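Observations on the model geometry
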Amino acid sequence: MTFEYVSVEDAIKRDGLRMVVVGGVPSPWGEAAKGILHIKKIDWAAVRLVYDSDALNEWAGQQTGPVAIYENEPPRSGWSEILLLAERLAPAPALIPADPADRAHMFGLAHEICAEGGLGWTRRLQLIHNGLNDAGGFPQPVAQYLANKYGYSPAAGAAAGQRVVELLNLLTARLKTQQTTGSEFYIGNSVTALDVYSATFTTMFAPLPPEHCDMHPKTRDAFNTLDAETRAAVDPILPAHRDMMYAKFLALPLSL
Ligand SMILES: N[C@@H](CCC(=O)N[C@@H](CS)C(=O)NCC(=O)O)C(=O)O
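Let us look at the structure shown here. Quick caveat, the model's predicted, so the values are computed rather than measured.

1. What to know about the overall build of the protein
Within the protein, the regular secondary structure consists of 12 helices and 4 strands. A globule of 256 residues ought to have a C-alpha radius of gyration of about 18 Å, and the protein, at 18 Å, matches this closely. Across its three principal directions, the C-alpha atoms of the protein cover 50 × 45 × 35 Å. Counting across all 256 residues of the protein, residues that qualify as buried make up 53%. Surface exposure of the protein reaches about 11400 Å², of which carbon and sulfur atoms provide 54%. Measuring between centres, the 21 positive side-chain charges of the protein sit 2 Å from its 28 negative side-chain charges.

Structure, rendered in structure tokens:
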């Protein structure tokens, strides 16, 4: 593990980089941020998100994870803001391509994984919908909590599956195209942040084994909820890419 968990009070007093993360769950947004800092060997201190701390709410500004706070700069909770901060703090190894077209392609596909309406967002809606309809997915109380916060409606829930399949197919097609050129990465022939996002968000469909990811069995059951169309769209190339990333670039076991 390349970071330590500290208390809210300690984090507020400290200098340098601190990041609020969801505890106990491999939230892909948080695992991606951890992975980017790990690859860049950036020292940072972790604070587990708690919901009853006025000090944390005031300091971090919102109850979500990850929220990165560097020195006295404003909190950053957006996936791309956190990537750009990391690239500024440690330019090497670069995780953003220098070539403008490659850079735009990377941010485009990363947006489709991490942003509102992207793979993580719609997979969450899918699992909320399953949970609220007694069909696997998130346990009811969790599903209801997330439903109130992350854009759920019965219509959005029912439509999520099709978008999830569309996005899984998009990523699969890109990896297969790259494979024909001899590359195991999404862009060019070296690792970028997009590879980190794909690896950490793939766990929402194919969780890492318990020895690598010690999460609550109910969370694992939720991520293992796959209807026939979604299961068919999780092409083996996606977990294989994920395994390559954890074997070569990311830290195991996960520190939740
Ligand atoms: N802020 C991120 C999204 C992060 C996000 O959705 N985090 C959720 C994952 S479920 C979270 O931490 N939820 C905890 C909570 O809402 O209590 C972004 O906009 O890129």
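That covers the picture; the talk isn't over yet.
2. Some points on the side chain of His241
Summarising the element assignment, His241 is placed in helix α12 (residues 237-248). Residue classification places His241 among the buried residues on the basis of a relative accessible area of 4%. A polar atom in the side chain of His241 sits 2.8 Å from the side chain of Asp195. Setting aside residues up to four positions removed in sequence, His241 forms contacts with Leu175, Glu184, Tyr186, Asp195, Ser198 and Ala199.

3. Section: the sheet that holds strand β2 (residues 17-21)
Sheet strands associate in pairs through backbone hydrogen bonding, adopting either a parallel or an antiparallel arrangement. Strand order across the open sheet formed by 4 strands is β1-β3-β2-β4, with mixed pairing between neighbours. Looking at which strands have only one partner, the edges of the open sheet turn out to be β1 (4-5) and β4 (67-70). Where β1 lies against strand β3 (residues 45-48), 2 bridges are found, and the strand directions are parallel. By the bridge assignment, Tyr5 is partnered in β3 with Ala46. Where helix α2 (residues 28-39) meets the sheet, it contacts β1 and β2, and its direction lies at approximately 155° from that of β2.

4. Notes on the site of the ligand
What surrounds the ligand is a group of 14 residues, the closest being Tyr51, Ser77, Tyr145, Lys149 and Tyr150. A distance of 2.6 Å separates a nitrogen atom of the ligand from a polar backbone atom of Ser77. Within the complex, the protein chains bury 83% of what would otherwise be the 510 Å² of accessible surface of the ligand. Per-domain counts for the shell around the ligand show at least three residues from each of domain 1 (3-89) and domain 2 (100-248).

5. Overview of helix α4 (residues 79-89)
Taken residue by residue, α4 has Trp79, Ile82, Leu83, Leu85, Ala86 and Glu87 as its buried positions. On its buried side, α4 packs onto β2, α2, β4, α5 (100-114) and α9 (193-202).

6. A short note on the packing of α9 against α12
At their nearest, the axes of α9 and α12 sit 9 Å apart, and the two run at 115° to each other. Between α9 and α12, the angle falls in the class roughly perpendicular. Once α9 is placed against α12, the crossing between them reads as left-handed. Of α12, the residues touching α9 (which contributes Asp195, Val196, Ser198, Ala199, Thr200 and Thr202) are Leu238, Pro239, His241, Arg242, Met245 and Tyr246. Broken down by class, the residue content of the contact of α9 with α12 amounts to 6 nonpolar, 4 polar and 2 charged.

7. Looking at the nonpolar core
Taken as a class, soluble globular proteins show a tendency for nonpolar side chains to be buried jointly. Core analysis: the largest hydrophobic core is formed by 75 residues, its most contacted members being Leu83 and Tyr197. Counting residues per element, this core draws most heavily on helix α8 (residues 154-180), at 7 residues. Of the domains in this structure, domain 1 (3-89) and domain 2 (100-248) are the two that each give at least three residues to this core. For Tyr197, the contacting residues outside a window of four places in its chain are Ala32, Ile36, Trp79, Leu83, Ala110, Ile113 and Cys114. In terms of nonpolar packing, the next biggest core, distinct from the first, is built from 12 residues, Val47, Leu49, Leu56 and Trp59 among them.

8. Some remarks on the side chain of Ser53
Along the chain, the position of Ser53 falls in the loop between β3 and α3 (54-60). Within the structure, the side chain of Ser53 is placed 2.9 Å from the backbone nitrogen of Leu56, a separation counted as a polar contact.

9. Remarks on the pattern of salt bridges
Under the criterion given, the structure shown has 11 salt bridges. Put simply, Lys40 and Glu87 hold a salt bridge, and the shortest N to O gap is 2.7 Å. One end of the pair, Lys40, is in the loop between α2 and β3; the other, Glu87, is in helix α4, and 47 residues separate them in sequence. Given the relative accessible area of 14%, Glu87 is considered buried. With a closest N to O distance of 2.8 Å, Lys176 and Asp235 form a salt bridge. A residue pair is termed long-range when its members are at least 10 positions apart, and Lys176 in helix α8 and Asp235 in the loop between α11 (228-233) and α12 qualify at 59 residues. On the basis of relative accessibility, which here comes to 18%, the residue Asp235 falls in the buried class. Connected via shared salt-bridge partners are Glu4, Asp10 and Arg14.

Definitions and cut-offs
- Residues numbered from 1 in each chain as written.
- Predicted model: local features only at pLDDT ≥ 70, side-chain atom pairs only at ≥ 80, totals over all residues.
- Heavy atoms only, no water.
- Helix = DSSP H or I, 4+ residues; strand = E, 2+ residues; numbered from the N terminus.
- Rg over C-alpha atoms; globule rule 2.2 N^0.38 Å.
- Buried < 20%, exposed > 50% of the residue type's maximum accessible area, 1.4 Å probe, protein only.
- Areas by Shrake-Rupley, 256 points an atom, 1.4 Å probe, with all protein chains shown as cover.
- Lys, Arg positive; Asp, Glu negative; His and termini not counted.
- Charge placed at Lys NZ, Arg CZ, Asp CG, Glu CD.
- Polar contact = N/O pair within 3.5 Å; in protein donor to acceptor, adjacent residues only side chain to side chain.
- Contact = heavy atoms within 4.5 Å.
- Pairing = 2+ DSSP bridges.
- Axes fitted to C-alpha atoms, helices over the stretch in contact; angles between N-to-C directions.
- Near = heavy atom within 4 Å.
- Domains from an automatic or database assignment.
- Parallel < 35°, antiparallel > 145°, perpendicular 65-115°, else oblique.
- Left-handed = near helix turned anticlockwise from the far one by under 90°.
- Nonpolar A, V, L, I, M, F, W, Y, C, P; charged D, E, K, R; others polar.
- Core = buried A, V, L, I, M, F, W, Y, C linked by side-chain atoms within 4.5 Å.
- Salt bridge = Lys/Arg side-chain N within 4 Å of Asp/Glu carboxyl O.

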